[in-house]
Amino acid sequence: MASVTTSGTLVGYIFDVSNTVSGKIAAGVVVFSVLWEFWVRYKAEELDERDVKARQAMKEASPADAPPNPFLNLRAVNHYRRRYIWPGAVLVPLRLCGVVSVLLFAGSIGWVICATGDVRDKPLTGWRKTLLDTVGRFTARLMLFLVGFHYVEVRGKAATPAEAPVVVGNHRGPFEPLYLIASHDCCLVSAAENRWPIIRYGMDALQFIFVERAGKGRGQVVETIKRRATEGGWPQVALFPEGTTTNGKALIKFKAGAFIPGVPVQPVAFEFPNSEVDIDPSWVFGVKGPSMGLFTVTLRLMSSWSNPMRVTYLPVVHPTKEEKENPAVFAERVRRVIAAELKVPCTEHELEDALLATAAVKSKMDPEQAVVEFGKFKRLWNMTLVDARGLLEEFRKLDTDQDGEVTIEQFATLLGVPVDGTLLAGLFATMNNKSVTPRSTINFRQFLSGMAKASATMEGHEKSELCFDACDLSRDGKLTEAELGAVMKLGFSSVTKQQVHEIFCKMTGDPGKKYVTREQFTGFLKATPEYLLVFDMLRKVADVTVSGHEPESPLGLGNPRMSSRQSFIRHRKAFLDSKTFANTDRA
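## Structural notes on the overall build of the chain
Scanning the chain from N- to C-terminus turns up 25 helices and 13 strands. By residue count, 49% of the 587 residues in the chain fall in the buried class. A separation threshold of at least 6 residues defines the contact pool for the chain, and within that pool the share at least 24 residues apart is 72%. When the accessible surface of the chain is split by element, carbon and sulfur atoms take 59% of a total near 28,400 Å².

## Observations regarding the pattern of salt bridges
Taken as a whole and assessed by the stated rule, the structure comprises 23 salt bridges. Here arginine 155 and glutamate 153 are joined by a salt bridge, their closest N and O atoms 3.0 Å apart. The class of glutamate 153 is partly exposed, set by a relative accessible area of 24%. Within the structure, one salt-bridge network assembled from shared partners comprises Lys129, Asp133, Arg137 and Asp185.

## Thoughts on the nonpolar core
Membership of the largest hydrophobic core comes to 60 residues, with the highest contact counts inside it found for Phe411, Phe447, Phe521 and Phe535. Among the elements that make up this core, the one with the highest residue count is helix H24 (residues 529–547) (seven residues). Setting aside residues up to four positions removed in sequence, phenylalanine 411 forms contacts with Leu398, Val406, Leu424, Leu427, Phe428, Met431 and Phe447. Core analysis: the next-biggest nonpolar cluster, separate from the first, contains 42 residues, Phe149, Ile181, Leu206 and Ile279 among them.

## Observations concerning helix H22 (residues 497–508)
The first and last C-alpha atoms of H22 sit 16 Å apart over twelve residues, in line with the 16 Å expected at 1.5 Å per residue. Of the positions making up H22, those classed as buried are Gln499, Val500, Ile503, Phe504, Cys505, Met507 and Thr508. Positive phi shows up at glycine 509, right after H22, with a value of about 75°.

## Considering the sheet that holds strand S9 (residues 309–313)
As summarised here, the arrangement of the seven strands in space is S2-S9-S7-S3-S6-S4-S5, forming an open sheet in which the pairing is mixed. Here the strands that pair on one side only, and so sit at the sheet edges, are strand S2 (152–155) and strand S5 (209–211). In this sheet, adjacent strand axes meet at a mean angle of 20° when their direction is disregarded. Where strand S4 (residues 186–191) lies against S5, three bridges are found, and the strand directions are parallel. Note that in S5 the partner of valine 189 across the bridge is isoleucine 209.

## Examining helix H17 (residues 408–415)
Here H17 lies mainly inside the structure; six of its eight residues are buried. Of the residues one or two after H17, glycine 416 is the one with positive phi, at around 75°.

## Comments concerning the packing of helix H5 (residues 88–115) against helix H6 (residues 126–147)
Two elements in contact, H5 and H6, have axes whose closest approach is 10 Å; the angle formed by their N-to-C orientations is 165°. Taken as axis vectors, H5 and H6 run roughly antiparallel relative to one another. The hand of the H5/H6 crossing is left-handed. Residues Arg95, Gly98, Val99, Val102, Leu103, Phe105, Ala106, Ile109, Val112 and Ile113 of H5 lie in contact with H6, whose contacting residues are Trp127, Arg128, Leu131, Leu132, Val135, Thr139, Leu142, Met143, Leu146 and Val147.

## Regarding a nonpolar patch on the surface
Residues Trp111, Val112, Trp127 and Tyr201 make up a contiguous nonpolar surface patch of roughly 430 Å² in combined accessible area. Along the chain, the position of tryptophan 127 falls in helix H6.

## Quick look at the pairing of S9
Regular strands show a simple pattern: their side chains alternate between the two faces of the sheet. Most of S9 is tucked away, with five of its five residues classed as buried. Covered by surrounding structure in S9 are Met309, Val311 and Tyr313 together with Arg310 and Thr312, the residues of both alternating faces. By the bridge criterion, four bridges tie S2 to S9 in an arrangement that is parallel. Note on S9: the bridge partner recorded for valine 154 is valine 311. As paired elements, strand S7 (residues 265–271) and S9 share four bridges and run antiparallel to each other. Note on S9: the bridge partner recorded for phenylalanine 270 is valine 311.

## Notes on the environment of arginine 172
One can find arginine 172 in the loop between strand S3 (166–169) and helix H7 (175–183). Among the polar contacts listed, one links the side chain of arginine 172 to the backbone oxygen of asparagine 247, at a separation of 3.4 Å.

## A word on the environment of lysine 489
Relative to the elements of secondary structure, lysine 489 occurs in the loop between helix H21 (481–488) and H22. Put simply, lysine 489 and valine 500 are eleven residues apart on the chain and 9.7 Å apart in space, counted from C-alpha to C-alpha.

## Some remarks on the side chain of arginine 335
Its place among the elements puts arginine 335 in helix H12 (residues 327–342). Not counting residues up to four positions away in its chain, the partners in contact with arginine 335 are Leu251, Ile252, Lys253, Phe254, Cys346 and Thr347.

## A short note on the confidence of the model for the chain
In the predicted model, the chain carries a mean pLDDT of 79, and the fraction of residues at 70 or more is 74%. Across residues 1–7, where pLDDT falls below 50, the model places zero contacts with residues more than four positions away in sequence or in other chains. Residue range residues 546–565 is modelled with pLDDT below 50. Its contacts to residues more than four positions away, or to other chains, number 30 contacts.

## Observations concerning the packing of aromatic side chains
Counting across every chain of the model gives 13 aromatic pairs. With a centroid separation of 5.1 Å and an interplanar angle of 45°, the aromatic rings of phenylalanine 524 and tyrosine 531 are classed as tilted. Both residues of the pair, phenylalanine 524 and tyrosine 531, count as buried. Ring pairs connect the aromatic residues Phe149, Phe175 and Phe272, which therefore count as one cluster.

## A short note on unusual backbone geometry
In this structure, lysine 364 is a non-glycine residue whose phi angle is positive, near 60°. Its location among the elements puts lysine 364 in the loop between helix H13 (351–362) and helix H14 (367–370). Even without a glycine there, the phi angle at asparagine 382 is positive, about 55°. Relative to the helices and strands, asparagine 382 is located in the loop between helix H15 (374–381) and helix H16 (385–398). On the basis of relative accessible area, asparagine 382 is assigned to the exposed category, the value being 61%.

What counts, and at which threshold
Residues numbered from 1 in each chain as written. Predicted model: local features only at pLDDT ≥ 70, side-chain atom pairs only at ≥ 80, totals over all residues. Heavy atoms only, no water. Helix = DSSP H or I, 4+ residues; strand = E, 2+ residues; numbered from the N terminus. Buried < 20%, exposed > 50% of the residue type's maximum accessible area, 1.4 Å probe, protein only. Contact = heavy atoms within 4.5 Å. Areas by Shrake-Rupley, 256 points an atom, 1.4 Å probe, with all protein chains shown as cover. Salt bridge = Lys/Arg side-chain N within 4 Å of Asp/Glu carboxyl O. Core = buried A, V, L, I, M, F, W, Y, C linked by side-chain atoms within 4.5 Å. Expected span 1.5 Å × (residues − 1). Pairing = 2+ DSSP bridges. Axes fitted to C-alpha atoms, helices over the stretch in contact; angles between N-to-C directions. Parallel < 35°, antiparallel > 145°, perpendicular 65-115°, else oblique. Left-handed = near helix turned anticlockwise from the far one by under 90°. Patch = residues over 30% accessible without salt bridge, like charges linked within 9 Å, V, L, I, M, F, W, Y side chains within 5 Å. Polar contact = N/O pair within 3.5 Å; in protein donor to acceptor, adjacent residues only side chain to side chain. pLDDT = per-residue confidence, 0-100. Phe/Tyr/Trp six-rings, centres within 6.5 Å; stacked < 30°, edge-to-face > 60°.

If you want it as structure tokens, here you go:
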């Protein structure tokens, strides 16, 4: 009877309150919030036509078997704007004030710990260790709470430092590190540029290991990881071996640094179940192009009522003898373990893809174009990031209409040659892997692939040396402008004297020079692999012409076994004809 009375009293109280002005306002807010939540999550997406069209265009531009782009946030931009209206208008200011206060407090605690003893070369002990494990780690969990991660679902069991000295996981934003700090006795490896004012003291107190993006001091960082993972007394070393953040659609290549010590590793899989229907916490590029800053990602998370996180501790992975000798093999096995738990593919994307995408944005290009699975280019053709950035800039100059595609006419403009004959079409076809039509185009990935293949054939300058020998018709070790024109006529029948002169000046670097030396020629081809493609094909076309055989491929790549004597006779005749070329200007 008492319970019934109590229940009735409570219902009556609620009914009475709902009849007051404040009660009606509160009820209205609740109803509005529920309806708004439903509309934002499930209905408003249908209205984001511009975002849908942008995503559809990207899908059509990618091959059917292309791997997912791990550096792009496809969530509709308008979705986040609606979140800022409600409940963001109320939640964001309150949470932002709380985050700033916690950061200042964490920085002061870190300063106290750093100012009272060494934090770089020895594990923390005594009262400093106690302060870090209580107050320090509590502030990390409070930060997660303020950003909206009220509840973290944990699966599996975390290993002790003795069982697994190293912990590795996938990386989508700054929130996985915060969770590990809040729940583990661990020190993290982070990029040096993340050592921001105020919080740098907290990072130092947590004994972070900092690594330079440019590669400076990487050997010392690896030694520090190895020492902490193998010496007793240190907390677990936690790393995110992808080296950058992704959108969680794929697991990119792991860096080997975490696996060099050859000790047992515990993989951890981080998931954000809400990201498909609400806020995506991925710190990557937006669908419109520009990179989203950490502040933007944090504001978006703060504008949601709650953001769930799921953490799965996977069984400890012990390296085999082979994996201890080859850390890359160990890294790949651990990567596949995490990918299987997340149910995502493993791709050959690397940190360099993200850096290329950043360079594309700075050049006012779509970052989607620059994500090319750089690991393949590195593995197959030893391409460096510097080379890729240079070719990205060349592609930007070619793509005059900024549509992400280059036509054969634009490609001819880069080379400074006429659009005629089969040679240029053959060059173009090697890059787009299709038969060439007047409307054929290539994207940056295809352009980069073609240039990479050309560069890879230059081991010991062998290919460029052969090209010089083919062009040096007089065999005196000096390439004149007339000789260059004679050889170019073999592939470009309507080439003009002005076009040949401009290419010749590019080789010499001085309009007054009368000839190009072997060193200048090979250096020019090394710096401009697109011309290596041209001259290599010119050499092969000349060989086919002299040999009298049909080309072995539809691109006219010819018979490499033709005698050097035959080649010399044919080129000698072309050289004699070059006197006519020298006195003729084809319009």
